[in-house]
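The primary structure of each chain is shown beneath.
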Amino acid sequence: MDTGDGVREEGAPDGAARGTRIALVDDHEVVRRGIADLLEDETDFEIVAEVGSVREALVRLPRANPDVAVLDVRLPDGNGIELCRELLTILPGVRCLVLTSFSDDEALLDAIMAGASGYVLKQVLGSDLRSAIRQVAAGRSLLDSRTTAAVLERQRRKQAQEDPLHRLTEQERAVLELIGVGMTNRQIAERMFLAEKTVKNYVSQLLAKLGMQRRTQAAVLATELRQGHHDK
């Protein structure tokens, strides 16, 4: 049924067998209609909403109550990842299938973190898309554990490279900060209420973890990090 405002909504008659209710969210009408045409011939599918923006989706999808929402990543007023997160808050039972033209770890990680049940490229074959919808509708995830683990590990490594201090303990970070302001081991020991020998051990450990040979290198790093923090 067309609601008259460009948003399509349908419902099965009372007593009729209920197929998988599907909502399509894509700002390109041709793409949206193409996917709908691909799915409409399936007797176990029912297209209950077609919308082209995040705003429309948040208004119409709760009323349409889909089992599966097929979400384009790029939308004119937001993105499918954030929409997925919001829909799961409003409709806890909905299964989100993220559809995108691009394949990259960051988008996949975002989809995983948002709670999506699957992530499919737009280049996917029609039969594969139908299969993907059936799988997520049945409560299965297309984000298999091996892929998810691999993406999370790559993200962890990336963050580790971006954060040179990730291996330091809190005490070692505190010592590094004080090195950065020019304190000696004795001064640091007095400030932190530690034995000077303990501070010396901390300095040796943090230099080893940072791959540095000299205390002056650590002082330079601490200064750069402090300046970078102040610039934010």
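Attention in this report is confined to the structure presented alongside it. All values reported here derive from a predicted model rather than from experimental measurement. (Residues numbered from 1 in each chain as written. Predicted model: local features only at pLDDT ≥ 70, side-chain atom pairs only at ≥ 80, totals over all residues. Heavy atoms only, no water.)

## Comments concerning the sheet that holds strand E7 (residues 118–121)
Our working definition: A pair of strands is treated as paired once DSSP finds two or more bridges between them. Where helices and strands are cited, they refer to DSSP runs of H or I of at least four residues and of E of at least two residues respectively, numbered from the N terminus. Here the axes come from fitting lines to C-alpha atoms, over the contacting stretch only for helices, and the angles between their N-to-C directions go from 0 to 180 degrees.
Spatially, the five strands line up as an open sheet ordered E2-E1-E3-E6-E7, and their pairing is parallel. Looking along the sheet, the strands with just one partner apiece sit at the ends: strand E2 (45–51) and E7. When strand polarity is set aside, the average angle formed by the axes of neighbouring strands in this sheet is 25 degrees. As judged from the four bridges shared by strand E1 (residues 20–25) and strand E3 (residues 68–72), these two strands associate in the parallel manner.

## Digging into the environment of arginine 63
Relative to the helices and strands, arginine 63 resides in helix H2 (residues 54–64). Once the C-alpha coordinates of arginine 63 and valine 48 are considered, the two residues, 15 residues apart in sequence, prove to be 9.7 Å apart.

## Brief notes about empty space enclosed by the protein
What counts here: Both cavities and pockets are sets of points on a 1 Å grid over the protein atoms alone; in a cavity a 1.4 Å probe fits but cannot get out, in a pocket the set is open with protein on both sides within 12 Å along at least five of seven lines, and lining residues sit with an atom within 4 Å of a point. Grid points are joined across faces, edges and corners, and a volume is the space filled by probe spheres set on the points. Any residue outside Ala, Val, Leu, Ile, Met, Phe, Trp, Tyr, Cys, Pro, Asp, Glu, Lys and Arg is labelled polar, Gly included; the first ten of those are nonpolar and the last four are charged.
Tallied over the entire structure, the rule returns one cavity of 30 Å³ or more. Roughly 30 Å³ of volume is contained in the largest cavity. The set of elements that each furnish at least two residues to the lining of the largest cavity consists of E1 and E3. The leading source of residues in the lining of the largest cavity is E3, at three residues. Class assignment for the residues of the lining of the largest cavity results in six nonpolar, no polar and two charged.

## What to know about the state of the cysteines
Covalent bonding between the sulfur atoms of two cysteines defines a disulfide. Note the threshold: Count a disulfide wherever a pair of cysteine sulfur atoms falls within 2.5 Å. Under the scheme applied here, a residue whose accessible area is under 20% of the maximum for its type counts as buried, over 50% as exposed, and between as partly exposed, the area being computed with a 1.4 Å probe on protein chains only.
In total, this model carries zero disulfides according to the counting rule given. Free of any disulfide, cysteine 84 has its nearest cysteine sulfur in cysteine 96, 3.7 Å distant. For cysteine 84, a relative accessible area of 1% translates into the label buried.

## Overview of the packing of helix H7 (residues 170–180) against helix H8 (residues 185–192)
Quick note on the threshold: We call two directions roughly parallel when the angle between them is under 35 degrees, roughly antiparallel when it is over 145, roughly perpendicular when it lies between 65 and 115, and oblique otherwise. Should the near helix be turned anticlockwise from the far one by less than a right angle, the crossing is left-handed, and should it be turned clockwise, the crossing is right-handed. Between two residues, a contact is recorded if the distance between any of their heavy atoms is within 4.5 Å.
In contact at an axis separation of 10 Å, H7 and H8 are set at 130 degrees when each is read in the N-to-C sense. Between H7 and H8, the angle falls in the class oblique. Crossing geometry of H7 relative to H8 is assigned as right-handed. Residue-level contacts link Gln171, Ala174, Val175, Leu178 and Ile179 of H7 to Ile188, Arg191 and Met192 of H8. Among the residues forming the contact of H7 with H8, the class breakdown is six nonpolar, one polar and one charged.

## Some words on the pattern of salt bridges
We count it as follows: Every case where a carboxyl oxygen of Asp or Glu lies within 4 Å of a side-chain nitrogen of Lys or Arg is listed as a salt bridge.
Considering all chains together, one arrives at ten salt bridges under this definition. Note that arginine 33 is salt-bridged to aspartate 37, the shortest N-O span being 2.7 Å. With a gap of four residues between them, arginine 33 and aspartate 37 both fall in helix H1 (residues 29–40), about one helical turn apart. We note a salt bridge from glutamate 40 to arginine 33, for which the minimum N-O separation is 3.6 Å.

## Observations regarding the pairing of E2
Of all seven residues in E2, seven are buried; the element is thus mostly enclosed. Here E1 runs beside E2; their pairing, made up of six bridges, is parallel. The residue of E2 that forms the bridge with isoleucine 22 is isoleucine 47.

## Here we look at the environment of leucine 97
By the element assignment, leucine 97 lies in strand E6 (residues 95–100). You can call leucine 97 buried: its relative accessible area is 0%. In sequence terms leucine 97 and leucine 71 are 26 residues apart; their C-alpha atoms lie 6.1 Å from each other. In this view, leucine 97 contacts Val68, Ala69, Val70, Leu71, Gly118, Tyr119, Val120, Leu129, Ala132, Ile133, Val136 and Leu142; residues no more than four positions away in its chain are not counted.

## Structural notes on the nonpolar core
Operational definition: The definition of a nonpolar core used throughout is a set of buried Ala, Val, Leu, Ile, Met, Phe, Trp, Tyr and Cys residues joined through side-chain atoms within 4.5 Å.
Of all hydrophobic cores here, the largest spans 29 residues; its most connected members are Val25, Leu61, Leu71, Leu83, Leu87, Val98 and Tyr119. Those elements giving two or more residues to this core turn out to be E1, E2, H2, E3, helix H3 (80–90), E6 and helix H4 (105–114). For this core, the leading source of residues is H4, giving five residues. In this structure, leucine 61 is in contact with Ala23, Val25, Ala49, Val51, Glu56, Pro66, Ala69, Leu87 and Leu91, ignoring residues within four places of it in sequence. In this structure, Leu168, Met183, Tyr202 and Leu206 belong to the second largest nonpolar core, which totals 21 residues.

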